[in-house]
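Observations on the model geometry
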Amino acid sequence: MESSNRAGSYAAEAEAGGQVVEAAHFSAIRSVRTEAEALMTLARALDHELKAGFGAAVAAIHEIPGRVIVSGIGKSGHIGRKIASTLASTGTPASFIHPSEASHGDLGMITQQDIVIALSWSGETTELGDLISFAKRFAVRLIGMTSNPASTLGQAADILLPLPLVKEACPHNLAPTSSSVIQLALGDALAVALLERRGFSASDFKVFHPGGKLAARLKTVAQLMHAGEEMPLVPRGLRVSEALIAVMGKRFGCAGIVDDHGQLVGMITDGDVRRHMSAGAGHSDLLARRVEEVMTPTPITTTPGTFASAALELMNRSRITALFAVERGRPVGILHIHDILRAGVV
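What comes next concerns the included structure. Because the structure is predicted, anything quoted here is derived from the model rather than measured. (Residues numbered from 1 in each chain as written. Predicted model: local features only at pLDDT ≥ 70, side-chain atom pairs only at ≥ 80, totals over all residues. Heavy atoms only, no water.)

**Let's talk about the sheet that holds strand S12 (residues 330–336)**
- The 3 strands lie next to each other as S10-S11-S12, forming an open sheet whose pairing is mixed. Looking at strand neighbours, the two that pair on one side only are strand S10 (301–302) and S12, the edges of this open sheet.
- Note that S10 and strand S11 (residues 322–327) share 2 bridges and pair parallel. Note that in S11 the partner of Thr301 across the bridge is Phe324. (Pairing = 2+ DSSP bridges. Helix = DSSP H or I, 4+ residues; strand = E, 2+ residues; numbered from the N terminus.)

Below, the structure is given as structure tokens:
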């Protein structure tokens, strides 16, 4: 009887657990869909009531000689920190100033060459008062990001970014969820628009991201390739037996074939040799052939300036493990897939 009761208890717990999982799944889907709808509402606003303000904000930020000062408190402050960070990493100098710290001396960090972006969903955040007053007193341009254009922030802003009213993912429509998402998305939109307007390139991006996985992905072929005497190169007309010495000696599993002008005209790999042998060619007969009879003509190549991540994608797509970097048809280096993996490019 006790065993039966225990089994029944386990079954009830399992059923209850399943109900908890289902309820959590429903909440998650509802939250994500609500926030996705909020983003679509923001996209529509950018086509209408936000369009003029957004364009003016991008133009004003692009023209200033100083920095973008971002400020906000609570959830808006957390979003503001991320916006400042994204702007700074994409070529627009920016800093976050906490509004309470601003009232206790950090206002001195702001100059008339700067521009301020203040975030407040209600537009009536008390802590932003001193920052707003300072901006107006010293003619520092103020961009207000708020859902209430009639608010203190909305009225004080030189450029208004009116956020559309959206339903929070919180079932009580209280906790900042959807509203935080659209603040973040609008900040990202500003950063991307400014990035494109400045012509900020992937190479520029690398300057601000010298560490971590991103830096590895931004390494170029030139930084990882083997050049000079390290390249396995043999002249056209050489016998396969002699070419194999270069293949095995350089340990790339291949050798490049160059003509009299140093142009890369083909590649021979240990796989090419194996395929010809399995096709019926005698061992001694194969070794006596000229490399151009066995090589792969017009091999897949890259350039020194190509990103290593793109070279890796090319290798995977072509199912090869090494490729030559060429300039004007001449090989200047060779890159093996192990070089890319050792650099952390994945």
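**Structural notes on unusual backbone geometry**
- One non-glycine residue, Arg251, adopts positive backbone phi at about 60 degrees.
- Position of Arg251 relative to the elements: it lies in the loop between helix H11 (240–250) and strand S7 (254–258).
- With a relative accessible area of 73%, Arg251 lands in the exposed category.
- Not every positive phi belongs to a glycine, and Arg328 is a case in point at roughly 55 degrees.
- Within the secondary structure layout, Arg328 lies in the loop between S11 and S12. (Buried < 20%, exposed > 50% of the residue type's maximum accessible area, 1.4 Å probe, protein only.)

**Regarding the pattern of salt bridges**
- Overall, the coordinates contain 5 salt bridges when judged by the stated rule.
- For the salt bridge of Asp114 with Arg67, the shortest nitrogen-to-oxygen distance reads 3.7 Å. Here the residue Asp114 occupies a position in the loop between helix H4 (99–102) and strand S3 (115–119), and Arg67 occupies one in the loop between helix H2 (51–63) and strand S1 (68–71), the gap between them amounting to 47 residues.
- When its relative accessible area of 4% is taken as the criterion, Asp114 is described as buried.
- Owing to a relative accessible area of 26%, Arg67 belongs among the partly exposed residues under this scheme.
- For the salt bridge of Glu313 with Arg317, the shortest nitrogen-to-oxygen distance reads 3.6 Å. (Salt bridge = Lys/Arg side-chain N within 4 Å of Asp/Glu carboxyl O.)

**Topic: the pairing of S3**
- Judged by how many residues are buried, S3 sits mostly within the fold: 5 of 5 residues are covered.
- Burial along S3 is two-sided: Ile115, Ile117 and Leu119 facing one way and Val116 and Ala118 facing the other are all buried.
- Of the pairings in the sheet, the one linking S1 to S3 comprises 4 bridges and is parallel in character. Within S3, the position partnered with Ser71 by the bridge is Ala118.
- In the sheet, S3 pairs with strand S4 (residues 141–146) via 5 bridges, with the strands oriented parallel. Counterpart to Leu119 in the pairing with S4 is Met145.

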